[in-house]
Amino acid sequence: MPHARNRNPSPIPEVTWDTGSKEMNETWKGAIACLGVAVFFVMTIGIIYWQVVDQPNKNWILKGTRSGLIWERRSHSLLIQTLTEDETLVEIDVQGNVGNPELELPFVRNLCWLNNTEFCYTWDALADIKITLDVDPDADSECYGVTWTPAQCHVRLKDCFSMNNVSWYGGAGVSAQTWPINRQNASMQPFVVSDLKENPHAFASALERYFLGSSGVAVLASPELPLQLGLKSGQRFCLQSPPGPDLLPLQYTVCVADHVKAAHRQAMRRLSRFAREVPDTKALWLPSWKLLTNVDSGLKVERELRTFSNRLRRHQLGDGIISLNEHSTNLLSQMVPLMTRWRGKFCVKLNVSDPGAVAWFLDRVASLRAHLGMEYILLEGGERNVFEETRRPPPGFPGGDAYIGLLADVAARMGDSTVVSAGTRSSHKPVYVMMTPLRSDWSQMGLKGIIPSLLHHTVLGYNFLIPDAVGGSLSGDMVTDEELYIRWLEIVSFLPVLSFHTPPWVCGEDRVLNLTRIYIGKHQRDVVPLLEKYAEEWRETGDPIYRPMWWLGPRDPLTFTIDDQFLIGDQVLVAPVVEKGARGRDIYLPDGGFRWQDGQNGQVFDGGTFLRDYPVPLEAVAVFLRHG
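Computed from a predicted model, the values in this text were never measured in an experiment. (Residues numbered from 1 in each chain as written. Predicted model: local features only at pLDDT ≥ 70, side-chain atom pairs only at ≥ 80, totals over all residues. Heavy atoms only, no water.)

What to know about the sheet that holds strand β20 (residues 378-379)
Okay, so step 1: Taken in spatial order, the four strands make up an open sheet running β20-β21-β22-β23, and their pairing is parallel. Whereas interior strands pair on both sides, the edge strands pair on one side only; in this sheet they are β20 and β23 (465-466).
Okay, so step 2: Taken together, the two bridges between strand β22 (residues 432-434) and β23 define a ladder with parallel strand orientation. Bridging across to β23, Val-433 finds its partner in Leu-465. (Pairing = 2+ DSSP bridges. Helix = DSSP H or I, 4+ residues; strand = E, 2+ residues; numbered from the N terminus.)

Looking at the pairing of strand β11 (residues 204-213)
Okay, so step 1: The buried count for β11 comes to ten of ten residues, which makes it a mostly enclosed element.
Okay, so step 2: Alignment of strand β9 (residues 168-173) against β11, held across five bridges, turns out to be antiparallel. Residue pairing for β11: Gly-170 is matched across the bridge by Phe-211.
Okay, so step 3: Relative to strand β12 (residues 217-221), β11 is paired through four bridges, and the arrangement is antiparallel. When the bridges of β12 are listed, Phe-211 appears paired with Val-219. (Buried < 20%, exposed > 50% of the residue type's maximum accessible area, 1.4 Å probe, protein only.)

Regarding the packing of helix α10 (residues 482-492) against helix α11 (residues 510-541)
Okay, so step 1: Viewed as axis vectors pointing N to C, α10 and α11 meet at an angle of 5°, and their least axial separation amounts to 10 Å. By the angle between their axes, α10 is roughly parallel relative to α11. Of the residues in α11, those in contact with Glu-482, Tyr-485, Ile-486, Leu-489 and Glu-490 of α10 are Arg-511, Val-512, Leu-515, Thr-516 and Tyr-519.
Okay, so step 2: Taken together, the residues of the contact of α10 with α11 break down into six nonpolar, one polar and three charged. (Axes fitted to C-alpha atoms, helices over the stretch in contact; angles between N-to-C directions. Parallel < 35°, antiparallel > 145°, perpendicular 65-115°, else oblique. Contact = heavy atoms within 4.5 Å. Nonpolar A, V, L, I, M, F, W, Y, C, P; charged D, E, K, R; others polar.)

As for the packing of aromatic side chains
Okay, so step 1: Counted by the stated rule, this structure contains 21 aromatic pairs.
Okay, so step 2: Consider the rings of Phe-211 and Phe-237, whose centres lie 4.6 Å apart with planes at 20°: the pair is stacked. Placement of the pair is Phe-211 in strand β11 and Phe-237 in strand β14 (residues 236-241), with a sequence separation of 26 residues. Accessibility classification places Phe-211 together with Phe-237 in one group, the buried group.
Okay, so step 3: Put simply, the rings of Phe-161, Trp-168, Phe-191, Phe-203, Phe-211, Phe-237 and Tyr-252 pair up and form one aromatic cluster.
Okay, so step 4: Of note, Arg-612 hangs over the ring of Phe-610, and the distance from its end group to the ring centre comes to 4.2 Å.
Okay, so step 5: The aromatic ring of Phe-594 is capped on one face by Arg-626, whose charged end is 4.0 Å from the ring centroid. (Phe/Tyr/Trp six-rings, centres within 6.5 Å; stacked < 30°, edge-to-face > 60°. Lys NZ or Arg CZ within 6 Å of the ring centre and 35° of its normal.)

What to know about the state of the cysteines
Okay, so step 1: A full pass over the atoms with the stated rule returns three disulfides.
Okay, so step 2: The disulfide partner of Cys-112 is Cys-120, and the gap between their sulfur atoms is 1.6 Å. Taking the sign of the S-S torsion, about -40° here, the bridge from Cys-112 to Cys-120 comes out left-handed.
Okay, so step 3: Cys-112 sits in the buried class, given a relative accessible area of 14%.
Okay, so step 4: According to the relative accessible area criterion, Cys-120 is buried, its value standing at 14%.
Okay, so step 5: Here Cys-160 connects covalently by a disulfide to Cys-238, the sulfurs 2.0 Å from one another. What sets the handedness of the Cys-160 and Cys-238 disulfide is the S-S torsion sign, and at about 105° it is right-handed. Here Cys-238 lies in strand β14 and Cys-160 lies in strand β8 (residues 157-162), a separation of 78 residues in the sequence. Considered together, Cys-160 and Cys-238 belong to a single accessibility category, that of buried residues.
Okay, so step 6: Once the disulfide-bonded cysteines of the protein are ranked by sequence position, their pairing pattern turns out to be 1-2, 3-6, 4-5. (Disulfide = S-S within 2.5 Å.)

Shown next, in the form of structure tokens:
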């Protein structure tokens with residue numbers, strides 16, 4: 001039979017069982033709740049500890065084949081380091097773009113998913129950043145393209161590049177040029193060429209949006225966007241986009257290579273969008289003489305010209321170019337209409353964006369050339385863009401640096417021996433560029449500024465330049481310091497053009513005249529043939545004619561800050577005296593697996609040698625020839 005179910009009541013009432021079960025569930029719930037609170041507390045402490053204490057200070061954003069880009073959260077910086085992290089190539093402080101510099105930011109996560117060559121991130125209500133990595137295996141370099149975009153019109157985008165353990169070159173000329181630029185100070189201001197006579201604290205020619213670091217880094221800012229630059233000596237230089245309703249981005253590219261020379265060559269390839277053209281080298285052979293006269297008629301100017309020319313012949317100074325100022329040119333031509341002020345007088349400002357205005361100007365220049373028999377023409381005034389200062393500039397008028405670039409186009413149409421007073425965006429043009437006028441003294445704004453200014457121009461691509469006149473011409477006065485005149489003459493005799501403002505018969509005795517003849521001859525015999533040789537090399541490769549010491553020692557830190565020596569090609573090392581009263585100087589001979597021979601006494605030295613207090617008499621320049 002089927003088993004019958006026992007229906008007797010249980011000794012433990014069912015209700016009692018149910019009640020006991022409920023009491024146990026409430027107890028467990030309390031225990032579980034306490035355990036959950038404890039776990040949550042431990043997790044919170046762990047997260048806080050990970051974010052504040054245990055979280056690494058930096059994380060890799062992008063990695064190339066030789067370097068990588070790192071976000072350092074505590075300093076709000078972008079670092080480009082070698083993959084082994086044993087060398088920081090460049091440090092970029094971006095804290096102004098990402099919020100309160102006193103707050104420590106968390107890790108940044110790449111919003112460009114599944115892409116190893118792009119990085120994207122957004123800082124709410126401040127800015128967006130996009131970084132692209134471009135690896136060029138043929139050039140053995142890699143470049144990081146950085147674009148910041150503001151989220152609001154009041155946001156100032158500013159990236160600062162550290163000078164710690166890096167010597168920087170390039171950018172813009174200044175009134176007291178240094179090499180490298182680490183010792184310069186400049187308040188944040190528009191990165192355009194200005195007239196230093198009106199604003200001595202502004203930027204001057206030559207100017208390019210290119211900065212080169214001794215660690216093998218090149219920074220190239222976008223040429224199409226308005227840009228501001230500031231420098232703090234020994235600390236940093238900063239690029240900034242002007243704030244405003246247009247929400248202008250801050251855009252630049254950072255390229256890294258094996259060393260500073262390789263980085264420069266890579267940058268030149270990126271900057272050289274046009275074929276390089278060599279100007280007429282006939283101007284290299286002829287010294288230039290400034291005719292200083294203040295007469296009131298064209299006939300008197302012609303008489304002064306004949307008198308000055310006869311005096312040059314009488315002193316056996318050879319053929320040369322006699323340069324007239326604006327006043328004398330006006331008296332001879334009567335061609336200049338009155339439109340704006342230039343150096344205290346009214347004159348014309350050419351609208352180079354108007355084809356009709358350019359055609360009119362070229363026609364007048366051709367008439368003036370035919371009337372006066374001129375061979376060389378100097379275009380001045382590009383440094384100050386008066387149309388930008390008006391409330392209603394002409395439609396389509398170029399702003400910023402573009403005016404000077406277009407003025408160089410006009411100069412090139414006038415002939416391949418035209419001289420311009422400012423250089424930007426035009427290093428490939430067949431024109432000569434004037435260096436900034438200097439004081440008649442031994443300071444960084446005088447004699448000591450010649451070689452830094454020379455190296456600054458040539459690293460930016462401006463090799464065909466006209467240095468300031470022997471003794472300096474900033475004041476317009478005649479030079480009376482004989483020693484200064486001689487040391488100045490010795491330096492510029494190795495530069496492309498010998499230029500004179502003070503005639504040698506005015507400064508000193510027969511010794512000055514004799515030395516002037518000697519150095520004019522040396523320039524024509526020894527220097528110009530070298531310049532013509534290396535001009536072809538520059539046209540083909542972009543390598544500068546005048547080179548810094550690190551060109552032959554790109555990994556040698558001793559070469560990074562030498563500002564009183566230069567190379568002509570790889571063949572000649574020139575070490576002038578730049579200290580008043582000195583009859584000797586220290587000279588460093590870079591090591592490139594070769595030796596150096598003294599051009600005076602024939603003594604040979606190994607590369608890498610430091611010559612202490614090497615004798616250099618007043619009438620001499622220390623010159624060494626590469627040997628072997």
